[in-house]
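Letter by letter, the chains look like this.
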Amino acid sequence: MLFRPVSQAFYEFYVKRDKDRCIQCRVCERQCSYEVHSYDAKENVMNADHPKCVGCRRCEYMCPTDALKITLNESTFRPNELWTNFHRMAIIKQRETGGILLTGMGNDKPYKIFWDHLLIDACQVTNPSIDPLREPMELRTYLGSKPDKLELEEKKGKLKLKTKITPQLKLEYPIMFGAMSYGAINLNVHMAMAIAAKELGILYNTGEGGLHKSLYEYGPWTIVQCASGRFGVHAEYLNAGAAIEIKIGQGAKPGIGGHLPGEKVTKPISETRMIPEGSDALSPAPHHDIYSIEDLRQLIYALKEATDYTKPVSVKIAAVHNSAAIASGIARAGADIIVIDGFRGGTGASPTIIRDHVGIPAELALAAVDQRLRNEGIRNSVSIVVSGGIRGSADVLKAIALGADAVYIGTAALQAVGCTVCQRCYTGKCPWGIATNDPYLAKRVNPEIAAEQLVNLVRAWGHEIQEILGALGINAIESLRGNRLRLRGIGLTDREMEILGVLPAGE
Amino acid sequence: MSIKRVYPREEFCMGCRLCEVACITVHSESGDTIKAYKKEFPREPSRIWFEEKKPECFSFMCRHCDEPDCLEACISGAITKDPETSIVTIDEDICVGCWSCIMACPYGALKKKVRKDNKMVSTKCDLCIGRGINPACVQACPNRALVFK
């Protein structure tokens, strides 16, 4: 192509326009933030610049006459199992730029998805199932440290609880909205999550970008995050939420810190994060005051002191090789909740090479952590929350059966408000108005509509979970927690089943 | 009697102009978007003025004033205000195309229109009377930037 490098000649998506249906209304041109569509006034036709297309399908969605189809470029290289399109294009881009390839969202490579190899039991004959429409079905979950034993005492002829319970978080559904920083996504999406969390009786996580002033009123439904960059962390912030989460790592990029490209740091972001406008916000890899487990314990208790021991402190780690040992250390360091983020977790920006090759699946880490804590007799001292590729209510249920108390959803929540996972979040040009701080684009998320969509999603999953629980003959979600016997593995190796702690289907 | 009007909410308007596409479609002869744009000449105009100065933008149309200036200015009596519905309409058969109403409207809500029979008239939002449901622009807006209240 004239004046274009090779990396643009071999493009991924082809824009098919039906000339008989196109009315040249130019909505595609206006809505595409990647400048794919243009109007030729002289010829009165719409043209498409295919190399720029990222396959987000925004134009398809907006076209009033269904004139557009975004397709894969039919033009192919000679098929090669080793040299996939991905690897070929990575080399071509790097020979031009000499730089690290960036991407957004979670690992999209064909590793095994263990949720799809786990099957759920159902009751028949010997053990009757429950009708969730006729019987009460308890989805409520409490996150926090549970005491080793309960001591009761008699006072004035009544039994009272003597044991002091540490602060707990009450969730009406075992689902929370995951940590996505203010800056990676914009205020409209945060507001929608806050409104939805309040409506549903669950919580959302601020992520590492701080908490915008206008959202302090939703504090009781907020978990504030304290990450390695300490963006937006001050005393008021810590006390604003219902809990504090120390982010040690995230599944999409274990071992490295958060990354907000300078293009996305606008004035309101810079104010909330307390950094200069337009500067890249790179969180350091470790917290520079946490170099040992004792340092983590010190920070946990510093945060508890700062909030008068009224809020649970959570620690989020990426799922890596020795997650079980790390989790054991974290539990003993005084954390109330441990969050395990698997390698399918999303991100606004990460080097592709780290997202695709570092970390392990959430399912395996979860099973290993739950089993290790049980073996050590300290499982009750923490609640476990898992995240990283939870796609639907079945994944939620399997996660709970493997040992989780609750799940975080990130990518699923964004898809509820319009995301089509085009993986270009780092450009700041999100055409759905989600992962962008450009005010013209950010308007595309109407918090009223987005909050409704999030509420609908969690309610729908809640109903589905109740249906499955009914089929399992269980009437409270807590009876399923860690109940590996209600799962069976299919298409798994013996070793994998041993790690997950499940029997093979048929046994 | 206070009537329901279409109000723009510029904080949610994303400048897609699908409101205009909907307006043209429902006021066209065929009622079909593709035919309205490609087969009908002259094309039915939208009754919406779209204002944009990025990042701000919004759709604007006739306010159906309680005391319409366009009605006062109309020399042929084509513009009337229905006593029951309070909707202000233009009878295109009576209209002589003097465009006094366009000049009189303090909001600039009226537009010039050339009919199929080459007659020049004025046109403006009629709140989609005859459609039976919400105005088309309100229904078509993908982001609830237009409300009917």
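Sequence positions are assigned chain by chain, starting from 1 and proceeding in written order. Lettering of chains starts at A and numbering of ligands starts at 1, both following the order in which they are written. Predicted model: local features are reported for residues with pLDDT of at least 70 only, side-chain atom pairs are reported and counted for 80 or more only, and whole-chain, interface and lining totals are derived from all residues.

### Remarks on the sheet that holds strand β23 (residues 503-504) of chain A
All names here are of chain A. Which entries qualify depends on this criterion: Strand pairing is assigned whenever DSSP identifies at least 2 bridges connecting the two strands. Only DSSP runs of H or I reaching four residues or more are called helices, and only runs of E reaching two or more are called strands; each is numbered from the N terminus.
Across the sheet, which stays open at both edges, the 3 strands sit in the order β6-β22-β23 with mixed pairing between neighbours. Two strands close off the open sheet at either side, each with one partner strand: β6 (118-120) and β23. By the bridge criterion, 3 bridges tie β6 to strand β22 (residues 487-489) in an arrangement that is antiparallel. Bridged to Leu119 within β22 is Arg488.

### Topic: the interface of chain A and chain B
Selection criterion: Distance between backbone-placed C-beta atoms decides contact: two residues are in contact if it is within 7 Å. Just so you know the grouping, Ala, Val, Leu, Ile, Met, Phe, Trp, Tyr, Cys and Pro go in nonpolar, Asp, Glu, Lys and Arg go in charged, and all remaining residues, Gly too, go in polar.
Contact with chain A, which involves 16 residues of that partner, is made by 17 residues of chain B. Within the residue set of the side of chain A that touches chain B, elements represented by two or more residues are α2 (27-31), α14 (439-442) and α15 (447-472) of chain A. By residue class, the composition of the side of chain A that touches chain B is 8 nonpolar, 3 polar and 5 charged.

### Observations regarding the domain arrangement of chain A
Residue and element names in this part refer to chain A. The condition that has to hold: These domain boundaries are the output of an automatic or database domain assignment.
For chain A, the assigned domains are domain 1 (10-99) and domain 2 (141-504). Each partner contributes to the interface: domain 1 provides 9 residues, whereas domain 2 provides 7 residues. Taken together, the residues of the side of domain 1 that touches domain 2 break down into 4 nonpolar, 3 polar and 2 charged.

### Describing the confidence of the model for chain B
Test applied: The predictor's confidence in any single residue is recorded as pLDDT, a number from 0 to 100.
Mean pLDDT over chain B stands at 95; residues scoring 70 or higher make up 99%. Two numbers describe this predicted complex: its pTM, 0.96, and its ipTM, 0.94.

### Focus on the domain arrangement of chain B
Taken as a whole, chain B is organised into domain 1 (1-61 + 138-149) and domain 2 (65-124). Just the C-alpha atoms count here: the centres of domain 1 of chain B and domain 2 of chain B sit 19 Å apart.

### Overview of the pairing of strand β20 (residues 383-387) of chain A
Residue and element names in this part refer to chain A. Under the convention used in this document: Counting other C-beta atoms within 10 Å of a residue's C-beta gives its exposure: the residue is buried at 20 or more, exposed at 12 or fewer, and partly exposed in between, where C-beta atoms are placed from the backbone. Handedness of a crossover is defined as follows: orient the strands so they point away from the viewer, and if the path from the first strand over the helix to the second runs clockwise, the crossover is right-handed.
Along β20, 5 of the 5 residues are buried, which leaves the element largely enclosed by surrounding structure. Residues Ser383, Val385 and Ser387 line one face of β20 and the alternating positions Ile384 and Val386 line the opposite face, and both faces are buried. Taken together, the 5 bridges between strand β18 (residues 337-341) and β20 define a ladder with parallel strand orientation. Pairing of Ile340 across the sheet is with Val386, part of β20. Bridge count between β20 and strand β21 (residues 406-409): 2 bridges; the pairing is parallel. When the bridges of β21 are listed, Val385 appears paired with Ala406. Following the chain from β20 across helix α12 (residues 393-402) to the adjacent parallel β21, one finds a crossover that is right-handed.

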